[in-house]
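Structural description and commentary
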Amino acid sequence: MNRGLTNAPQQGPAARQAAMAEQVLADGSATAAELAERFGVSLMTIHRDLDELERQGIVRKFRGGVTAQPSGVFESNVQYRLKTMRAEKAAVADRALKLIEPGMAIMLDDSTSTLEIARRLRLGEITPLTVVTNFLEAINLLSDQRGIHLMALGGDYDPLHSSFLGVSCVEAIEQLRVDVCFASTSAVHGGYAYHQEQHIVSVKRAMLDVAARNILLIDHTKLARVALHRVVPLSHFDLLLVDDGASAEALRDLDEHKVRYEVCATKGSDDRAGAT
């Protein structure tokens, strides 16, 4: 996208890469030619910058350009996911909130779908409550909330997901028992939940194993898709919540695999780009 910045002053590589990442995360994708024109550098320089952003896991390259959108082997950066499918995530979070009662211990994974639950818990209408999470975004939201006992799961911090992961995180989870785990995933198909990254999968599985009930929150773009790793069969979830953008064909697939689900009405949104 040409934003009229061809004659912008030259930036150093780090500043230029940061600005480039910001643009791609905002727009979803861009071509190398568009970026070269915007930043006033050669295509060779742009490709070097994109190689570095891809190495950092912020974007992925394709022939002639770059994208922040997910694929079967690439999970989107959290800053991109925070901007997408907001009305759909709000719809499923509103329904999920009705499953939480005062006195419960609940677990939230590091998805932007469950972050919408944390936003609603800030209203302080469901207390006392214990919330366990490895998602820094949710920790920051709830850290000063009266009536909520917040348990932050430690581990290796992953800035691309804004969460704590790894063996130490899994071991911390295994010492707990919660009433409900709210989780999301990248893809759902054929009776299974999928995700692109193995180190995310191990944490999600541990969370699901320590909960009395498991609730899966997804937006409709995740239905009828697969990713590299199977997380668990959908039978591990007591309920799947999805927004009303789900197609009849995708819902039939859930019916065929005897998945208990509810379709949640959205308030309407122009944003129809999917992310985990």
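To keep things clear, this report deals only with the structure shown in the data block. (Residues numbered from 1 in each chain as written. Predicted model: local features only at pLDDT ≥ 70, side-chain atom pairs only at ≥ 80, totals over all residues. Heavy atoms only, no water.)

**Considering the sheet that holds strand β10 (residues 187-189)**
Here we have three strands laid out as an open sheet, ordered β10-β11-β13, and antiparallel in their pairing. Either end of the sheet is taken by a strand with one partner, and the two such strands are β10 and β13 (229-233). Across the sheet, the mean angle separating the axes of adjacent strands is 30 degrees when strand polarity is ignored. One ladder, built from four bridges, connects strand β11 (residues 192-195) with β13; its direction is antiparallel. Its bridge partner lying in β13, Ala193 is registered against Val232. Running over the sheet, helix α9 (residues 198-209) touches β11 and β13 and is turned about 10 degrees from β13. (Pairing = 2+ DSSP bridges. Helix = DSSP H or I, 4+ residues; strand = E, 2+ residues; numbered from the N terminus. Axes fitted to C-alpha atoms, helices over the stretch in contact; angles between N-to-C directions. Contact = heavy atoms within 4.5 Å.)

**Re the pattern of salt bridges**
Inspection of the entire model under this criterion finds nine salt bridges. Across the pair Asp144 and Arg122 runs a salt bridge, and its minimum N-O distance is 3.2 Å. Pair noted here: Asp144 is in the loop between α7 (136-142) and β6 (148-152) and Arg122 is in the loop between α6 (112-121) and β5 (129-133), with a separation of 22 residues, a long-range link. For Asp144, a relative accessible area of 56% translates into the label exposed. Residue Arg122 is classed as partly exposed on the basis of its relative accessible area, which comes to 35%. In this structure, Asp219 and Lys222 form a salt bridge, with 3.9 Å as the shortest nitrogen-oxygen distance. Each member of the pair, Asp219 as well as Lys222, carries the same accessibility label: buried. The network of salt bridges with common partners includes Asp94, Glu116, Arg119 and Arg120. (Salt bridge = Lys/Arg side-chain N within 4 Å of Asp/Glu carboxyl O. Buried < 20%, exposed > 50% of the residue type's maximum accessible area, 1.4 Å probe, protein only.)

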